[in-house]
Amino acid sequence: MNLSKRRLWLLGAIAITAIMIITLLFAPANNKVNSGSTYNRAPDGYGAWYAFMSKRGTEVQRWQKPFEDFAKNQDAKPPSTLLRIYSKLIPEVVSDTERKWVEQGNTLVNLGVRAPVTPAPFSSLHPASAGEIKIDTGRRYPSNKKQVLDDQFGAIVWRKTLGKGTVYFASTSHLAANAYQDFPGNYEFLAGLVTQLEGGEQEIEGVEQALKVKLIQNSSNPQSQGTSEILNKVWVDEYIHGYKDAEVIEREYQGNLFTYLAKTPLFPVLIQATIILIVAIFAGWNRFGQPVTLSAPQVDNSEAYIQALAGVLQKANSTDFAVEIIGKEEQLQLQKALLGQGSLESETLTNAWVEQTGRKAAELSEVLPSPSHKRRISDSDLLAWLGKWQQIRQHLPSDRKNLK
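Computed from a prediction, not measured in an experiment: that's the story for all the values here.

Asks: Help me out: how do you make sense of a nonpolar patch on the surface in this one?
Replies: Residues Leu-8, Leu-11, Ile-14, Leu-277 and Ile-281 make up a contiguous nonpolar surface patch of roughly 380 Å² in combined accessible area. Listing elements by their share of the nonpolar patch, those giving two or more residues are helix H1 (5–26) and helix H9 (266–285). A total of three residues in the nonpolar patch trace back to one element, the largest contributor, which is H1. Within the secondary structure layout, Leu-8 lies in helix H1. Leu-8 gets classed as partly exposed once you look at its relative accessible area, which sits at 46%.

Asks: Is there a simple way to explain the layout of surface pockets in this structure?
Replies: Over the atoms, a rolling probe the size of a water molecule traces out where space has been left empty. Size it by volume and the second largest pocket reaches roughly 430 Å³. Forming the boundary of the second largest pocket are 16 residues, of which Ala-310, Leu-313, Ala-322, Ile-326 and Leu-382 lie nearest the centre. Secondary-structure elements contributing two or more residues to the lining of the second largest pocket are helix H10 (301–316), helix H11 (319–339) and helix H14 (379–394). For the lining of the second largest pocket, the per-class residue count stands at eleven nonpolar, four polar and one charged.

Asks: Looking at this structure, I do not really get helix H12 (residues 346–357). What am I missing?
Replies: Each turn of an α-helix holds 3.6 residues, which means side chains three or four residues apart point in the same direction. With twelve residues, H12 should cover 16 Å at 1.5 Å per step; its first-to-last C-alpha distance of 16 Å lies within 8% of that length. Regarding H12, the residues found buried are Leu-349, Thr-350, Ala-352, Trp-353 and Thr-357. Axial view of H12: buried residues confined to an arc of 165°, hence all on one face. In H12, the exposed residues that point more than 90 degrees away from the buried face are Glu-347 and Glu-355. Those residues of H12 that are buried lie in contact with H11, helix H13 (361–365) and H14. Immediately downstream of H12, the backbone of Gly-358 shows phi near 75°, a positive value.

Procedures and definitions
- Residues numbered from 1 in each chain as written.
- Predicted model: local features only at pLDDT ≥ 70, side-chain atom pairs only at ≥ 80, totals over all residues.
- Heavy atoms only, no water.
- Patch = residues over 30% accessible without salt bridge, like charges linked within 9 Å, V, L, I, M, F, W, Y side chains within 5 Å.
- Areas by Shrake-Rupley, 256 points an atom, 1.4 Å probe, with all protein chains shown as cover.
- Salt bridge = Lys/Arg side-chain N within 4 Å of Asp/Glu carboxyl O.
- Helix = DSSP H or I, 4+ residues; strand = E, 2+ residues; numbered from the N terminus.
- Buried < 20%, exposed > 50% of the residue type's maximum accessible area, 1.4 Å probe, protein only.
- 1 Å grid on protein atoms, 1.4 Å probe; cavity = no way out; pocket = protein on both sides within 12 Å on 5 of 7 lines; lining within 4 Å.
- Points joined across faces, edges and corners; volume = space filled by probe spheres on them.
- Nonpolar A, V, L, I, M, F, W, Y, C, P; charged D, E, K, R; others polar.
- Expected span 1.5 Å × (residues − 1).
- Arc of directions from axis to C-beta.
- Contact = heavy atoms within 4.5 Å.

Just distances and angles here, no functional claims.
Set out below in C-alpha cells:
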C-alpha cells in the first residue's frame with residue numbers, strides 16, 4: 001500500500017510525540033534532582049553514608065514532607081538534626097521557619113551552599129584524626145566565618161549560631177557521597193556534624209589543628225556508642241529530592257491527575273504534543289479548503305526531441321557530428337543575413353563579413369566548418385565554439401541580428 005507524503009508526515013508526527021511522552025514517563029530517575037539522595041546508589045548519591053550511619057547505631061530517618069511539617073513534628077524536638085544535601089548550589093539563606101526551629105536547640109546542616117571560586121585546587125586532602133578528608137571543589141568562603149573545615153584559601157565548612165542551635169554550611173554537596181567510600185574521614189566528618197552531644201560537648205575544630213570530635217573518638221569504642229548518639233536524632237530531607245509521602249501528594253494535588261500534571265514539567269510537553277497531534281490530524285484528513293487539481297504540463301515536442309537528441313549525442317561523444325551540423329546551419333544563416341542568399345563560397349562570406357562589420361576575417365575563420373573540424377573535441381571546446389558563434393551574431397548590423 002502506497003502512503004501519500006501527507007500521511008507519512010502525520011505518522012511521523014504521531015511517532016515523535018509518542019517517543020517524547022514515553023521518554024518523559026519512563027526516563028531513569030537518576031537525574032540532577034536525585035543527586036545527594038540517600039535512595040541514590042550512584043556516585044553522587046548518599047546511600048552508602050546512610051547505611052554507614054544506620055550500621056553504627058545512629059537513629060537516622062528520612063523525611064519526605066515540607067519543612068513546615070517537619071518543624072511541627074513532635075519527634076523532631078531538640079536536640080534534633082536535619083541534613084539537607086542539595087543537588088545544586090544554593091545561597092547561604094535561612095528562612096524564618098528554619099531559624100525558629102534551630103533557635104530551639106536543633107541543628108541544620110546544609111550541604112551545597114554557593115561560595116566564591118578561589119585559586120584552591122579542585123581536589124585536596126585535609127588531615128583529620130579519623131582519616132583524610134577529600135574535598136573536590138575550588139569554592140571557599142572567606143575565613144572570617146566560623147570555619148569548621150578550612151585551608152589557606154578559606155572555609156569549606158562553616159557554622160552559624162542561632163539561639164541554642166547551630167546551622168552548618170558546606171561549599172560542596174558531595175562531602176560524603178558514595179564516591180568517597182574509600183575515604184572514611186569524609187563519612188566520619190559528616191557524622192560528627194549531624195550528631196550533636198548533650199550539653200554541647202561536641203567540638204569540631206579546623207583541620208589545621210586536626211579534627212577533634214568527641215563522637216569520632218568514641219566510634220572506636222563500641223561500648224561508648226549509643227549513650228551519646230541516641231540523644232540526638234538525625235533526619236535526612238528527601239522532600240527536596242522529589243520524594244513525597246502519599247499524604248503530601250494527596251494534599252498538594254488533591255487527588256486530581258490534571259492538577260498534578262499542571263504542577264510538573266510534563267504538563268507543557270503534553271500541551272505541545274496535543275497541539276501537534278491536532279494539527280497533524282487536520283493536515284492529514286481534513287484539508288483546509290477544496291483540493292486543487294494540478295493540470296498536466298504541456299509538452300513541447302520539438303524541445304523534447306532536441307533534448308533527447310542532445311542527450312544521445314552527449315552519451316555517444318559525437319561532438320564532431322554536432323560541430324558539422326550546427327556549423328553548416330550557422331554558416332547558412334550568416335550568409336542569408338549578410339548577402340541575402342545561401343550556398344556561397346567561404347571566401348565570399350568572409351569578405352562580406354569584413355566589409356559589413358569591420359571585424360577581422362580570423363574571427364569568422366575560427367568557426368566556419370573545415371576539414372580540421374571533423375574530429376571529436378571536448379565538451380569545453382564545443383561550448384567555446386558555440387560561444388564564438390554567439391559573438392558573431394552580436395557583431396552583425398542591428399537590422400540583421402535576427403537570423404532566420
